[in-house]
Amino acid sequence: MAKLMVDARSVRKSYGSNEVLEGITLSVEQGEVLCIIGPSGSGKSTFLRCLNHLESINGGRIYVNDELMGYRQTGKVLHEMKPKEIARQRQAIGMVFQRFNLFPHMTALQNVIEAPIGVAGVSPEDAKKLGFELLAQVGLADKAEHYPAQLSGGQQQRVAIARALAMKPKLMLFDEPTSALDPELVGDVLDVMKGLAKAGMTMIVVTHEMGFAREVADKVVFIDKGQIVEMGTPKQVLDKPQEARTKAFLNKVL
Amino acid sequence: MATTDNTDYGDDVVAVPLRHPARWIFGGIASVLLLSFIWAVYSAKSIQHELVAKYIFDPRILQGMLVTIFVTVLCMAIAAILATLLAIMKLSANPLQRWLATGFIEFFRGTPLLLQIVFWGYLGIIFPQLVLGVPYTDIVWLSGDTSDLIPALVAGVIALSLNEAAYSAEIVRAGILAVDSGQVEAAKSLGMSGGQTMRRIVLPQAMRVIIPPMGNEFIGMLKNTSLLQVIAVAELYTAASTISSANLAQIELLVVSGFWYLAMTTVLGFPQRALERRYGRGFATVGGRAAPRAFKVGRS
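Residues numbered from 1 in each chain as written. Chains lettered and ligands numbered in written order. Predicted model: local features only at pLDDT ≥ 70, side-chain atom pairs only at ≥ 80, totals over all residues. Heavy atoms only, no water.

Q: Explain the sheet that holds strand 1 (residues 4-15) of chain A to me, please; I cannot follow it from the model alone.
A: Each strand in a sheet pairs with another by means of backbone hydrogen bonds, the pair being arranged parallel or else antiparallel. All names here are of chain A. Spatially, the four strands line up as an open sheet ordered 2-1-4-5, and their pairing is antiparallel. For this open sheet the edge positions go to strand 2 (18-29) and strand 5 (67-68), each flanked by a neighbour on one side alone. As paired strands, strand 1 and strand 4 (residues 59-64) are joined by five bridges and run antiparallel to one another. Paired with arginine 9 across the two strands is arginine 61, which belongs to strand 4. (Pairing = 2+ DSSP bridges. Helix = DSSP H or I, 4+ residues; strand = E, 2+ residues; numbered from the N terminus.)

Spelled out as structure tokens, the structure:
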């Protein structure tokens, strides 16, 4: 069995009395692509944000690359990590957001090389070289000096992917990466993601793109009301769903 | 009927521009009022123009102006740094920092600036001796008469800086709050520390919102330096009033100092516009130029 990249056990998250995640247990092997589908408000984005500790969890454990996220455990006691240690853990996890969240005051290239220089300590020359390579990889070599506002949504999202890749992550999280895009721009972003999957990147993708899930995912999980309803290969979950809730959801989106 | 219209309509729109008669009328009234005011001032018997001309380039006036500029720039620099710290403290998760910042801001906004200036100026009367050391021990690093350690100029700079920091802190805080929370999340997800996120991502974007009101504060500071006259700092207004108390040409010297204040505040607009362009990068459409205004009152 391949190495586990993500191991989430009984993850619970609540905001006050509102329980958003009611015990999510799933694992992702190295090189695997997991697609998370589900209705809006089901907790799938929250789960993704828990994985890199943008949200702290109220119960369960999350291990990424064999490290417990956000806490140190001695015996049975959990200690909150210092912000610095959490920042170090996040370096191994790239994240792509629904609304891109590119830094608007920086060019595409500056967006990509900011963290390698400031966080990883790469020299500016090497970072620039890496930046141009990554922008070429996402098909935007000619847009390096453009500001985000001068790029289309699809181009911005591809820069955002290049920015996340620049930290050489072991795991990539995608939070509805194509939901804010015009339909004709979705394909370019999905193509970049397919290329990543083919190259062996471990990916967790929250998405409404069933075609992408069917083609690229090794595993699909359907989450509703903070619980895993169904999990399996794309064929199992998307083509022969067993649960009534999965069927109802798929009927609506397909 | 549109459907029966056989005109080509391939030509450009040629239309008679909308007329604005009210603008001409009100413009005319405003011009008359302005001209008559200028004439009234110019022809007033009580103002001796040759005295204004004599003192406008007087070395004491120009020297005072230098002090005004020096104090303004220094105070704004100190205030900007303190304000940023206060704003970050006020937004901190640490309650102690929040309370300290809030207390500072409330105190310095809640008492008159003139009172604060007098307080710092007369600090020597309240505390004749200043000692910097470890309390209840013999360790003393610095001690001396307050009036030696804090001369009037220093007292003035302290008073204006602290007061300005309290006001500017709210401006900086508003700027920080205006930055989309997604920016912070993106920075965090890349492994950036809180300090890095603030310096590299949040503050540069906040500057866009901070600069216009800070331009206001700069102008306010430039004029507030005239209050330092009460503790005898030799700035522009003090220089003018020192001269006028000797020759009794009060009005003329008010005109002289007023002219220079107006000249300095006008010149300040240029660096502000340059800064706005600098931090507008990426938010505008082309080359950092401001995007066209989406909102205008009335018809163009």
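There's more to say after this.
Q: It is not clear to me how unusual backbone geometry should be interpreted in this structure. Could you clarify?
A: The bulk of non-glycine residues show a negative phi, and the bulk of peptide bonds are trans. Residue and element names in this part refer to chain A. Of note in this structure, serine 10 is not a glycine but carries a positive phi near 45 degrees. Judged by its relative accessible area of 41%, serine 10 is partly exposed. Despite not being glycine, asparagine 101 has its phi angle at roughly 55 degrees, a positive value. What makes asparagine 101 buried here is its relative accessible area of 7%. (Buried < 20%, exposed > 50% of the residue type's maximum accessible area, 1.4 Å probe, protein only.)

Q: I'm lost on the nonpolar core in this one. Help?
A: In summary, soluble globular proteins display a tendency toward joint burial of nonpolar side chains. Residues and elements named next belong to chain A. Core analysis: the largest hydrophobic core is formed by 50 residues, its most contacted members being Leu135, Ile161, Met172, Phe174, Met193 and Met203. The greatest single-element share of this core, amounting to seven residues, is contributed by helix 6 (residues 183-198). Discounting chain neighbours no more than four positions away, the residues touching phenylalanine 174 are Leu48, Val96, Ile161, Met193, Leu196, Met203, Ile204, Val205 and Val206. (Core = buried A, V, L, I, M, F, W, Y, C linked by side-chain atoms within 4.5 Å. Contact = heavy atoms within 4.5 Å.)

Q: Quick question: what am I supposed to make of the sheet that holds strand 8 (residues 93-96) of chain A here?
A: All names here are of chain A. Across the sheet, six strands lie side by side as 8-9-10-3-11-12; this open sheet has mixed pairing. Single-partner strands in this sheet number two, and they are strand 8 and strand 12 (227-232). For this sheet the average axis-to-axis angle between neighbouring strands, irrespective of direction, equals 15 degrees. With respect to the sheet, helix 5 (residues 153-165) is in contact with strand 8 and strand 9 (171-175), its orientation differing from that of strand 8 by roughly 170 degrees. (Axes fitted to C-alpha atoms, helices over the stretch in contact; angles between N-to-C directions.)

Q: What's the story with a nonpolar patch on the surface in this structure? I'm lost.
A: A surface patch of nonpolar side chains, about 580 Å² in accessible area, is lined by Leu132, Val134, Ile139, Trp141, Leu142 and Leu149 of chain B. Mapping leucine 132 of chain B onto the fold places it in strand 1 (residues 129-133). (Patch = residues over 30% accessible without salt bridge, like charges linked within 9 Å, V, L, I, M, F, W, Y side chains within 5 Å. Areas by Shrake-Rupley, 256 points an atom, 1.4 Å probe, with all protein chains shown as cover. Salt bridge = Lys/Arg side-chain N within 4 Å of Asp/Glu carboxyl O.)

Q: Sorry, what's going on with the packing of aromatic side chains here?
A: The description of two aromatic rings rests on the distance between their centres and on the angle between their planes. A complete count under the given rule lists seven aromatic pairs over all chains for this structure. Ring geometry for phenylalanine 104 of chain B against phenylalanine 108 of chain B: centres 4.6 Å apart, planes inclined by 40 degrees, an arrangement best described as tilted. On the criterion of helical spacing, the pair formed by phenylalanine 104 of chain B and phenylalanine 108 of chain B is a turn pair, its members being four residues apart in helix 4 (residues 95-110). Assessed through its relative accessible area of 22%, phenylalanine 104 of chain B is described here as partly exposed. Looking at arginine 163 of chain A, its charged tip hangs above the ring of phenylalanine 103 of chain A, at a distance of 4.5 Å from the centre. Cation over ring: arginine 278 of chain B sits above tyrosine 279 of chain B, and NZ or CZ is 4.9 Å from the ring centre. (Phe/Tyr/Trp six-rings, centres within 6.5 Å; stacked < 30°, edge-to-face > 60°. Lys NZ or Arg CZ within 6 Å of the ring centre and 35° of its normal.)

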